[in-house]
Amino acid sequence: MAENSVRDIPAVLPAHIIEVGTVQLERPARNSVGGWPFLDDADDWPECFRGERMALFFQLDIPVDIQHFGGDHLMVFHCRSHNDASDAELADGRLVPRYWDAPQPPYPRPFWRILLQRNVAVPSPEAEPSVRALPLTLSPLVDTPNSRGLGAQAFKVGGTPSWAQDPESYACACGSELVYLCQVPESMEFAVHPGLPEQPYSVGADTYNLFLANEVYLLACPDHCDPAAVWPVNQN
Ligand SMILES: [Zn+2]
Ligand SMILES: [Zn+2]
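Bear in mind the structure is a predicted one, so any value in this text is a computation, not a measurement.

Student: Please set out the overall build of the chain residue by residue, giving values where relevant.
Tutor: Assigned secondary structure in the chain consists of one helix and 14 strands. Relative to the globule expectation of 18 Å for 236 residues, the C-alpha radius of gyration of the chain, 17 Å, shows essentially globular dimensions. C-alpha atoms of the chain, sized along the principal axes, occupy 65 × 40 × 35 Å. Burial statistics for the chain: of 236 residues in total, 50% are counted as buried. Sequence separation of at least 24 residues holds for 70% of the intrachain contacts in the chain that already meet a minimum separation of 6. Of the accessible surface of the chain, which amounts to about 11,200 Å², a share of 50% is contributed by carbon and sulfur atoms. Positive and negative side-chain charges in the chain, numbering 14 and 31 respectively, have mean positions lying 3 Å apart.

Student: Mind laying out the coordination of the zinc ion (ligand 2), listing which residues take part and the relevant values?
Tutor: For a metal with four tetrahedral donors the ideal donor-metal-donor angle is 109.5 degrees, while six octahedral donors give ideal angles of 90 or 180 degrees. The coordination sphere of the zinc ion (ligand 2) contains the protein donors Cys-172 (SG), Cys-174 (SG), Cys-221 (SG) and Cys-225 (SG), at a distance range of 2.3 to 2.4 Å. Coordination at the zinc ion (ligand 2) is tetrahedral: its four donor atoms span angles of 102 to 117 degrees at the metal. Read N to C, the donor residues that coordinate the zinc ion (ligand 2) are spaced as C-x1-C-x46-C-x3-C. Linking Cys-174 in the loop between β9 (156–158) and β10 (179–184) with Cys-225 in the loop between β13 (215–220) and β14 (230–235), this pair joins segments that are 51 residues apart in sequence.

Student: Go over the pattern of salt bridges with me, naming the residues and quoting the values.
Tutor: As enumerated under the stated definition, the model contains eight salt bridges in all. Its salt-bridge partner being Asp-61, residue Arg-30 comes within 2.7 Å of it at the nearest N-O pair. With Arg-30 in the loop between β1 (15–20) and β2 (32–33) and Asp-61 in strand β3 (residues 55–61), this residue pair connects regions lying 31 residues apart in the sequence. By relative accessible area, which is 24% here, Asp-61 ends up partly exposed. A cluster of three or more residues bridged by salt bridges with shared partners is formed by Arg-98, Asp-101, Arg-113 and Asp-226.

Student: Give a detailed account of the packing of aromatic side chains, specifying residues and quantitative values.
Tutor: Within the structure shown, the criterion is met by 14 aromatic pairs. Judged by centre distance (6.3 Å) and plane angle (70 degrees), the rings of Tyr-99 and Trp-231 are edge-to-face. One end of the pair, Tyr-99, is in the loop between β6 (94–95) and β7 (112–117); the other, Trp-231, is in strand β14, with 132 residues separating them in the sequence. Ring pairing ties together the aromatic residues Phe-49, Tyr-99, Trp-100, Tyr-107, Phe-111, Trp-112, Tyr-170, Phe-211 and Trp-231, which thus form one cluster. The ring centre of Phe-38 lies 5.1 Å from the NZ or CZ of Arg-30, which sits over that ring.

Student: Residues and numbers for the environment of Cys-172, please.
Tutor: Tracing the backbone shows Cys-172 in the loop between β9 and β10. Setting aside residues no more than four positions away along its own chain, Cys-172 makes contact with Arg-94, Tyr-99, Leu-178, Cys-221, Cys-225 and Ala-229.

Student: An account of the pairing of β7 is requested, with residue identities and associated values reported.
Tutor: Burial analysis of β7 places five of its six residues in the buried class, the great majority of the element. Both strand β4 (residues 73–78) and β7 contribute to a ladder of six bridges, which runs antiparallel. The residue of β7 that forms the bridge with Val-76 is Ile-114.

Cut-off values and rules
- Residues numbered from 1 in each chain as written.
- Chains lettered and ligands numbered in written order.
- Predicted model: local features only at pLDDT ≥ 70, side-chain atom pairs only at ≥ 80, totals over all residues.
- Heavy atoms only, no water.
- Helix = DSSP H or I, 4+ residues; strand = E, 2+ residues; numbered from the N terminus.
- Rg over C-alpha atoms; globule rule 2.2 N^0.38 Å.
- Buried < 20%, exposed > 50% of the residue type's maximum accessible area, 1.4 Å probe, protein only.
- Contact = heavy atoms within 4.5 Å.
- Areas by Shrake-Rupley, 256 points an atom, 1.4 Å probe, with all protein chains shown as cover.
- Lys, Arg positive; Asp, Glu negative; His and termini not counted.
- Charge placed at Lys NZ, Arg CZ, Asp CG, Glu CD.
- Donors = N, O, S within 2.8 Å, 3.2 Å for Na, K, Ca; no water.
- Tetrahedral: all angles 85-135°; square planar, octahedral: opposite > 155°, others 65-115°.
- Salt bridge = Lys/Arg side-chain N within 4 Å of Asp/Glu carboxyl O.
- Phe/Tyr/Trp six-rings, centres within 6.5 Å; stacked < 30°, edge-to-face > 60°.
- Lys NZ or Arg CZ within 6 Å of the ring centre and 35° of its normal.
- Pairing = 2+ DSSP bridges.

Structure representation (structure tokens):
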């Protein structure tokens, strides 16, 4: 009996809250909104299918206590002109092969690029031109699941998702079950420099958002079958 009750208590997984600073960055930082992406030598700045460079929304080093992904460098790029919700395409119960490049109807490819890199050398010489470069600070969060098994609704890495709707899970194309890694809260706005083209459907003229401002839950492949093997679940 005692064993059962212990098993029913959801685990408190290591988690870190992510806070956006206010003083604009003047030089590259590994944890940033906008800024200078720390791309692998093998990777060019991600482009959307019309050839437009995607905007770097944020990047950060995954803290070492996060299982499977500690020490990786996470980068979240999203097109400015294409703003929509993600829609999982499945085949044989898994995300389709190379889902990070696969058609995302009505688009020929995804309008985002999310990378988890293990070998990160130097920052790009060019800074993200649209999203303002601001520092990110991570601090430990005790993300105790509530009575429904949900974690805190916050900008965070690790811990337990706070699902706005039913929990979602996906198998990677490689067969591994994707693991929850990071969450961007609903309606989070990313400040952009003045005078830039407005993002379609975004609320503020001087801000961009991810995936129509849906809450974003990043699920990533624990086997690192590809740096882009990350699926952004959207809910609201
Ligand atoms: Zn685009
Ligand atoms: Zn995989």
